[in-house]
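Each chain is listed here by its residues.
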Amino acid sequence: MEALVASAIGILTAVGIYLTLRLRTFPVILGLTFLSYAVNLFLFASGRLAVNSAPILGRSETYSDPLPQALVLTAIVISFGMTAVMMMMAIGGHLQAGHDRIDLDARDETAGRGEGPEAGA
Amino acid sequence: MTPAFIVALPFLGAILPALAIRFGRNACALATGAVSLLALILLIQAAPAVLRGEVVQARIDWLPALGLNATFFLDGLGLLFAGLILGIGLLIILYARFYLAKSDPMGQFFTYLLLFQGAMLGIVLSDNILLLLVFWELTSLSSFLLIGYWKHLPEGRQGARMALAVTGGGGLAMIAGMLILGNIAGSYDLTVILTQKEAIQASDWYLPALILILLGAFTKSAQFPFHFWLPHAMAAPTPVSAYLHSATMVKAGIFLMARMWPVLAGTPEWFWIVSTAGLVTMVMAAKIAFFKDDLKALLAFSTVSHLGLITMLLGFGTKAAATVAVFHIINHATFKAALFMTAGIVDHEAHTRDLRRLGGLRTLMPVTFGIALLASLSMAGIPPLNGFLSKELMLEEAAHTVWLTPWAMGLLATIGAGFSVAYSFRFLAHGFLGPVRDDYPHRPHDPGPGLWAAPALLAALVVAIGLAPMLTAAWLVDVAAGAVTGAPVAVKISHWHGLYAPALWMSLAAVGGGLALLGAYPRLRALWDGVPRPEAKPMFDAVVAGLARLARGGAEGLHDGGFGRAVVLAVLAIAAAGLWAFLGGTHAAGTRVGLPTDAVVVAVWAVMLVAALAVPILHRNRVVALILTGVTGLLIAPLFMLFSAPDLALTQLSVEVVTILLMLLALHFLPKETPVESPAWRRLRDAGVAVIAGLGVGGLAWAMLTREAAFAPISAFHLAQSKPGAGGTNAVNTIIVDFRGYDTFGEIIVLGIAALVIFALAEALLRSPAVTSRLAAWPRARESGDRHPMMLVVATRLLLPMAMMVGVYIYLRGHNLPGGGFVAGLVFAIAYLMQYMASGYDWTHARQRFDHHVLIGWGVLVSILAGVGAWAFGLPFLTSGFEYVNLWPLEEFELATAAIFDLGVFLCVLGAVLLALASLSRLALRTGEQINRRAYDTEETP
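Since this is a predicted model, take the numbers as computed values, not measurements. Along each chain, residue indices are assigned from 1 in the same order as the chain's sequence is written. Written order determines the labels here, with chains lettered from A and ligands numbered from 1. Local features are withheld for residues below a pLDDT of 70 in this predicted model, meaning they are given only at 70 or higher, and side-chain atom pairs are given and counted only at 80 or more; totals for whole chains, interfaces and linings count all residues. Side-chain descriptors were evaluated using all non-hydrogen atoms of the structure, hydrogens and water having been removed beforehand.

**Q** Looking at this structure, I do not really get the overall build of chain B. What am I missing?
**A** Looking only at helices and strands, one finds 40 helices and 4 strands in chain B. Restricting the calculation to C-alpha atoms gives the radius of gyration, and the globule rule supplies 2.2 Å times the number of residues raised to the power 0.38. Radius of gyration (C-alpha) of chain B: 38 Å, far over the 30 Å computed for a compact globule of 942 residues. Scored against the burial criterion, the 942 residues of chain B give a buried share of 54%. Within chain B, contacts between residues at least 6 apart in sequence are counted, and of these 79% link residues at least 24 apart. For chain B, the computed accessible surface area is about 39800 Å², with 71% contributed by carbon and sulfur atoms. For the purpose of counting charges, residues Lys and Arg are taken to be positive, whereas Asp and Glu are taken to be negative. His and the chain ends are not included. Lys charges are placed at NZ, Arg charges at CZ, Asp charges at CG and Glu charges at CD. Side-chain charges of chain B comprise 57 positive and 52 negative groups, with the mean position of each set lying 9 Å from the other. Helix and strand assignments come from DSSP, with helices taken as H or I runs of at least 4 residues and strands as E runs of at least 2, each series counted from the N terminus. Exposure categories follow from relative accessible area, calculated using a 1.4 Å probe and restricted to protein chains: below 20% of the type maximum is buried, above 50% is exposed, and the middle band is partly exposed. Contacts between residues were defined by any pair of non-hydrogen atoms, one from each residue, lying within 4.5 Å. Note on areas: Shrake-Rupley with a 1.4 Å probe; residue coverage comes only from the protein chains shown.

**Q** Please clarify how the packing of aromatic side chains should be interpreted in this entry.
**A** In this description, an aromatic ring pair is defined by two values, namely the gap between the centres and the angle between the planes. Two aromatic rings, drawn from Phe, Tyr or Trp (for Trp, its six-membered ring), form a pair once their centres lie within 6.5 Å of each other, and the interplanar angle then sorts them: stacked below 30 degrees, edge-to-face above 60, tilted otherwise. Applying the stated rule across the entire model yields 27 aromatic pairs over all chains. Ring centres 6.5 Å apart and planes at 35 degrees place the aromatic pair F271 of chain B and F316 of chain B in the tilted group. Taken together, the residues span a long stretch of sequence, with F271 of chain B in helix 14 (residues 268-290) and F316 of chain B in helix 15 (residues 295-316) at a distance of 45 residues. On the basis of relative accessible area, F316 of chain B is assigned to the buried category, the value being 8%. Taking NZ or CZ as reference, R22 of chain A lies 4.2 Å from the ring centre of Y18 of chain A, over its face. When the NZ atom of lysine or the CZ atom of arginine is within 6 Å of a ring's centre and also within 35 degrees of its normal, the charge is said to sit over that ring. Over the ring of W136 of chain B we find K220 of chain B, and its NZ or CZ is 5.1 Å from the ring centre.

**Q** I'm lost on a nonpolar patch on the surface in this one. Help?
**A** Exposure above 30% relative accessible area and the lack of any salt bridge qualify a residue for a patch; like charges then connect within 9 Å, and the nonpolar side chains Val, Leu, Ile, Met, Phe, Trp and Tyr within 5 Å. We count a salt bridge whenever a side-chain nitrogen from Lys or Arg sits within 4 Å of a carboxyl oxygen from Asp or Glu. There is a patch of nonpolar side chains on the surface, built from W496, L499, Y500, W505 and L508 of chain B and spanning about 720 Å² of accessible area. Here W505 of chain B is to be found in helix 24 (residues 502-519).

**Q** Would you mind showing me how to read the packing of helix 2 (residues 25-45) of chain A against helix 29 (residues 622-642) of chain B here?
**A** Helix packing geometry: the angle between the two helix axes and the distance between the axes. Two numbers describe how helix 2 of chain A lies on helix 29 of chain B: the axes approach to 11 Å, and their chain directions differ by 10 degrees. In terms of orientation, helix 2 of chain A and helix 29 of chain B fall into the roughly parallel class. Here F26, P27, L30, T33, F34, Y37, L41 and F44 of chain A of helix 2 of chain A come into contact with helix 29 of chain B, specifically with R622, A625, L626, T629, T632, G633, I636 and F640 of chain B. Residues of the contact of helix 2 of chain A with helix 29 of chain B, tallied by class, amount to 11 nonpolar, 4 polar and 1 charged. Only the contacting stretch of a helix is used when fitting its axis, a line to C-alpha atoms as for every element, and angles between N-to-C directions run 0 to 180 degrees. Roughly parallel means an angle under 35 degrees; roughly antiparallel, over 145; roughly perpendicular, 65 to 115; everything else is oblique. Following the grouping adopted for this structure description, the nonpolar residues are Ala, Val, Leu, Ile, Met, Phe, Trp, Tyr, Cys and Pro, the charged ones are Asp, Glu, Lys and Arg, and the polar ones are all others, Gly among them.

**Q** It is not clear to me how the domain arrangement of chain B should be interpreted in this structure. Could you clarify?
**A** Quoted interface sizes are often the accessible area lost when the parts come together. Residues and elements named next belong to chain B. Domain delimitation in this document rests on an assignment produced automatically or drawn from a domain database. Looking at chain B, the domain boundaries give domain 1 (563-582 + 595-707) and domain 2 (731-779 + 786-942). Using C-alpha coordinates to define each centre, domain 1 is positioned 28 Å away from domain 2. On the domain 2 side, the residues contacting the 15 residues of domain 1 number 17 residues. Carbon and sulfur atoms supply 84% of the area buried between domain 1 and domain 2, which totals about 1500 Å² over both sides. Defined in terms of a 1.4 Å probe, buried area is the accessible area two parts forfeit on being brought together, summed over both. On the domain 1 side of the contact with domain 2, D647, V658 and F669 bury the most area, a combined 37% of that side's loss. Summed over the shared surface of domain 1 and domain 2, the number is 0 salt bridges. Polar contacts here mean pairs of N or O atoms no more than 3.5 Å apart (in protein, one a potential hydrogen donor and the other a potential acceptor; neighbouring residues in sequence count only if both atoms are side-chain atoms). Summed over the shared surface of domain 1 and domain 2, the result is 1 residue pair in polar contact (both at pLDDT 80 or more). Looking at the side of domain 1 that touches domain 2 residue by residue, the class counts come to 11 nonpolar, 3 polar and 1 charged.

**Q** Mind showing me how you'd approach the packing of helix 3 (residues 66-97) of chain A against helix 35 (residues 769-776) of chain B here?
**A** One way to put it is that helix 3 of chain A packs onto helix 35 of chain B with a least axis distance of 8 Å and a crossing angle of 90 degrees. By the angle between their axes, helix 3 of chain A is roughly perpendicular relative to helix 35 of chain B. Where helix 3 of chain A abuts helix 35 of chain B, its residues H94, L95, Q96 and A97 of chain A lie against V771, R774 and L775 of chain B.

**Q** Before we go on, may I ask you to explain the confidence of the model for chain A in this structure?
**A** The predicted coordinates ought not to be read in detail in places where the model reports low pLDDT. When the pLDDT values of chain A are averaged, the result is 85; 85% of them are 70 or greater. The model gives residues 111-121 of chain A a pLDDT under 50, and that stretch makes 7 contacts with residues more than four places away or in other chains. pLDDT is defined as a per-residue confidence score from the predictor, taking values between 0 and 100.

**Q** Hey, could you run me through the environment of G10 of chain A in this one?
**A** All names here are of chain A. In this fold, G10 is placed in helix 1 (residues 2-20). Taking relative accessible area as the criterion, G10 reaches 6% and is therefore assigned buried. In this structure, the C-alpha to C-alpha distance between G10 and L35, residues 25 residues apart in sequence, is 10.0 Å.

**Q** Can you walk me through the interface of chain B and chain A in this structure?
**A** With 112 residues of chain B at the interface, the matching set in chain A holds 84 residues. The tally of links between chain B and chain A comes to 4 salt bridges. Taking the shortest distance from any N to any O, the salt bridge between R592 of chain B and E2 of chain A comes out at 3.5 Å. Between chain B and chain A we count 26 residue pairs in polar contact (both at pLDDT 80 or more) in total. It is helix 31 (residues 680-705) of chain B that provides the largest number of residues to the side of chain B that touches chain A, a total of 16 residues. Here the residues of the side of chain B that touches chain A sort into 72 nonpolar, 25 polar and 15 charged.

**Q** What should I look at first to understand the side chain of T303 of chain B in this one?
**A** All names here are of chain B. When you line up the elements, T303 lands in helix 15. Owing to a relative accessible area of 0%, T303 belongs among the buried residues under this scheme. Of the polar contacts made by the side chain of T303, one reaches the backbone oxygen of L299; its length is 2.7 Å.

**Q** I would appreciate a short explanation of the pairing of strand 2 (residues 68-74) of chain B in the present structure.
**A** Note on strand geometry: in a regular strand, side chains alternate between the two faces of the sheet. All names here are of chain B. For strand 2, a buried count of 6 out of 7 residues is recorded, marking the element as mostly surrounded by other parts of the structure. Strand pairing follows a simple DSSP-based rule, namely that at least 2 bridges must link the two strands. Two strands pair when backbone bridges link them, and strand 1 (residues 56-63) and strand 2 are joined in this way by 7 bridges, in the antiparallel orientation. Within strand 2, the position partnered with D61 by the bridge is N69.

**Q** Please explain unusual backbone geometry as it appears in this structure.
**A** Keep in mind that most residues, glycine aside, have a negative phi and that most peptide bonds are trans. Note that the residue after F224 of chain B, namely P225 of chain B, is joined by a cis bond; omega there is 0 degrees. Turning to its location among the elements, P225 of chain B is positioned in the loop between helix 10 (206-220) and helix 11 (229-232). In this structure, the amide linkage connecting P383 of chain B to the following residue, P384 of chain B, adopts the cis form with an omega of 5 degrees. Of note in the backbone geometry, R48 of chain A takes a positive phi value of approximately 65 degrees without being a glycine.

**Q** Teacher, can you tell me more about helix 19 (residues 386-399) of chain B here?
**A** Given 3.6 residues per helical turn, the α-helix brings residues three or four places apart onto the same face. The span expected for a helix works out to 1.5 Å for each residue beyond the first. Compared with an ideal rise of 1.5 Å per residue, which puts 14 residues at 20 Å, helix 19 of chain B spans 20 Å between its outermost C-alpha atoms and is within 8% of the ideal. For helix 19 of chain B, the buried fraction is high: 13 of the 14 residues fall into the buried class.

This is the structure:
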């Protein structure tokens, strides 16, 4: 079972890295989502795997490690906030620049100066 | 605690001038002066004890385990310097009030000045060397602000930058030196270090520590070869030059050498490095000063020269020489500050400081001339003024010091003194004597007493110390020199040492030589101008430009602004470091017994990975990619479930739903396709990098999972204490709301801030005309017939109360069973979102009686209240309490304050999720989305 989880973590990481290396905002954000999956699973796995031993007192003989679970729980919620902020930034970039490329070339930089939010306000 | 208060006062008072400037410039100066005066009164109150030989101490423990304590002490040396800093500070405040123009922001100036004063006091009163270093860097920073005060002058900015680079760089070296010293002595307290002379001087690390500390001292006190920054710092307003660059900051290096004198001095290394640097600086700077036309530049090089003199005396390593050094510190502070202020007055009145354009001011500005006369004669070392007394003593010490040959030191010191006489007389002769001219840029006359009172007082001190040194200064020299040398000192200062004292003849030679130099000035000047000499500024600029090129080359090579390159390099570097560590160590295969493979897990695993691996292949169609991502994320939930983490499964499930909804909404404003842009080789490279990262992380996970933890997990405590300590049986929830409540508190605040950022971004976008026009022309998506299908509308409305019931249930049971505020907040949010989706934003929003911002605010507030409530019982923030209640006919149940905290979490999560999605929806309204007024679509709606 350990091999399954380890390989899943590795594959999720690889997919995440490949997507973050794309040139548009949307796949990069998807890539970061995959990286979040991988990191959360990894952190969870640091408590080692166990079946039928949820850390609810009195419900089983042994208990899995509750501390990584508590940490990952908040991490999952925070990663939603992070994804949402980046999505909003991606939308803002797209609406202002007219494209969703992540790396600006020289042409965009000069054009961006003219029609940034400051210039428009 | 007096020393600590003295240091704290200027920092606390720094806000006053910034506020008082609203009530006028006098109020501003008075407020600043009151702060300094109060500190001075505290100092004077403590002075009698110090003069009796006591050391006044103050101690505030901060991190005792690391040796980081805020400890202060006031001894003779500290008293001398603190007195100089505060006394001259007061005079400077008076002078600056009348010196600064109406257009100069005075509040800012005095705030900077007080910050500097506090930092300086911190240096001279700190007992802990780490604390001293902090104050040391603070003086560099605050002097940067003061030098560059006239921001419109390029010289001011460049001078400030050069001063910061040189003194800040020296400060960095000193940090290393001080750490070594603290390591040798086994303590970071100066009072302990100062008793460890033998251990420190016997250590192999003595020389490195010495050199590093001296680098800090030499750069700060402008000793050769770091002398060049001080003249460039003269672009500062004159009060700054008088305060920082003659009386206080440049003496910080001297102070440090004096402070460390008991443990560092007395070795051949100390003697050679310190006395040579001092001697070279003294002679060379005196020579340069003679040829300077700018009054302030002349005084700046003269200051460098006198600092060299003091450094040289400290370098001799004898008690007598150190005593003379202390005496000269007092004398130099009095006459040089007076001279700088005089130069400022001349500049202020004649609108020039150029000696070539001045002369004849004696009759035009008699008061200023009187002050300048006394101070510059003292600087030249003419009896009976105080400069004469310390210079005689210095020459006497130099005459008896063997440096290379028995006579070289005496000769060079006399030459330095001769140049000193020459530039002092030139300052007088070319500035004040001679005929009155008719081509001054501005006809000068004496200013009001506001400007000349401060230098006049200093000139009076020059005379008083000169005439009656034993009465006015000897007692201070005694305690200060006693603190430097660590032995009682009873100094005898007199004007006449007898015909057989070499100092008398050296002094006479210096005065004669100086006058001869001044007489030959025109010819010497022609020679000086004719011979090329190295200029420090171009060299410094070249070095800085070279370093900047190097840094830019390195930085741009690694990070060209492109996101991809940064990620690739980071992944490869981390993988290489991991591989290097792996190959370098020895390791055996993991021995932890794994779990038997379960068919359900294999099935989930297989589907999840197929979905995940399909994303890179199919990602150009963004909707498909999003769905596949959602499938992957949702399938992680059963994995959590199977591996005994029901709380995580619930959270993952609900967060995933919300995330996918958010991304679907966002995709409305983004292209639906990702075009093929990168060439095949690049995609292949990216795949390679991704595989490396995957192998690394996967391998790490495998290694971790097949081994036991190196240390017993600390969660045994949480499991054991969950019920008795926090009153809950769900250990995960008790950790979140109780054991690590502070973490959770921080996290909900972060979540709230993230939602507010999203709201603010949307707001900013909607204010930009470019964006709104782009939104108005947004291509309409192909619409399905039903925008708000009746079946969906009815179903979601029926579901809303049920979903809320489930949410409440999850919230209530969270302490004992899987659930809690996080999941409940998400469940509520999903129930609301379904209303948005089914009935439209406007319809839903109109029926919602609360604001999302308010929800976040209440969430944070409720959790704060839950934390503060503990104070009422005398317990620390966020301590929880619980009680079991029997209420007929219910079963026994539990009331816990942690539930209130969890309510805050719930509200914050609900508000944040709704605000994030609502902000996106507001953008959609601008795309011409039609607003439905009715509950759901009817025939009339187009």
